[in-house]
Amino acid sequence: MRTTKVADKDYTGSRYMGISWDMFHRDARTLAARLMPRGPFSGIVAISRGGLVPAAVVARELNLRLVDTLCVASYDDRVQGDDALVLKAPAGDGEGWLVIDDLVDSGRTGKVVRRLLPKATFATVYAKPQGQALVDEFVVAVDQHIWLLFPWDAEMQPSPPLAGA
């Protein structure tokens, strides 16, 4: 897919924040509530892939049925590429549209959104400091060095008791 990559990162020392389906749904509904006064919107542009799930929740809560996608590739698993590759973009400048993503991190995808859809309202459920200025609305601020484990990216696993067997 992409040929340029940032050097592989060592995630053995990373801090993770697991997000359950319940937490995520609550946060996505909160985002929808915060966006209501900014509407009405013509439709939603979901950033593929991370924005697909929150866009579905927000579309339901705002009663929007017109959903398009902006398909951007900037990550391979946990390695972020040097540039975001646009695979598919919606037509127009975004006027009247709501762009939804799960997270704004470094701001790389956010800059693509702002360039392609400058008149859209851009919202994310979670935001790290480096990307916060690129979004019009977000719900949860997250430390830049925390890796979010979204429910669609993680498996539930049984864990042994702390006291051992």
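Every chain is numbered independently, its residues counted from 1 as its sequence is written. In keeping with the predicted nature of the model, local features appear solely for residues at pLDDT of at least 70, side-chain atom pairs appear and are counted solely at 80 or more, and the whole-chain, interface and lining totals rest on all residues. Excluding hydrogens and water, the side-chain values take into account all heavy atoms of the structure.

Asker: Please give an account of the overall build of the protein that cites residues and values.
Answerer: Put simply, DSSP marks the helices as runs of H or I at least four residues long and the strands as runs of E at least two long, and each gets a number from the N terminus on. The helix and strand tally for the protein stands at three helices and eight strands. The helix and strand sequence of the protein, counted from the amino end, reads β-α-β-α-β-β-β-α-β-β-β. For every accessible area listed, the method is Shrake-Rupley and the probe measures 1.4 Å; residues are considered covered only by the protein chains on display. Of the roughly 9500 Å² of accessible surface on the protein, a fraction of 53% belongs to carbon and sulfur atoms.

Asker: Got a sec to walk through helix 2 (residues 52–61)? Specific residues and values, please.
Answerer: For helix 2, the full list of buried residues reads Pro 54, Ala 55, Val 57, Val 58 and Ala 59. Just beyond helix 2, the residue with positive phi is Asn 63, at close to 55°. Residue exposure (1.4 Å probe, protein chains only): buried if accessible area is under 20% of the type maximum, exposed if over 50%, otherwise partly exposed.

Asker: Could you give an account of the side chain of Thr 124, naming the residues involved and the relevant values?
Answerer: Among the structural elements, Thr 124 can be located in strand 6 (residues 121–127). Accessibility expressed as a relative area gives 0% for Thr 124, which makes it buried. Polar contacts involving the side chain of Thr 124 include one to the main-chain carbonyl oxygen of Tyr 126, which spans 3.0 Å. Contacts were defined at the residue level, with two residues in contact if any of their heavy atoms lie within 4.5 Å. Residue contacts for Thr 124: discarding those within four places in its chain leaves Leu 31, Asp 101, Asp 102, Leu 103, Val 104, Val 135, Glu 137, Phe 138 and Val 139. Any pair of nitrogen or oxygen atoms within 3.5 Å is treated as a polar contact; in protein, a donor-acceptor pairing is required on top of that, and neighbouring residues in sequence qualify only through side-chain atoms on both sides.

Asker: Now, about the pairing of strand 5 (residues 97–104): what can you tell me, with residues and values included?
Answerer: Here is the key point about a regular strand: its side chains alternate between the two faces of the sheet. With seven of eight residues buried, strand 5 lies mostly within the body of the structure. As paired elements, strand 2 (residues 43–48) and strand 5 share four bridges and run parallel to each other. Along strand 5, the bridge assignment pairs Ala 46 with Ile 100. Here strand 5 pairs with strand 6 via six bridges, running parallel. When the sheet's bridge partners are listed, Asp 101 is paired in strand 6 with Thr 124. Strands were regarded as paired on the criterion that DSSP finds at least two bridges between them.

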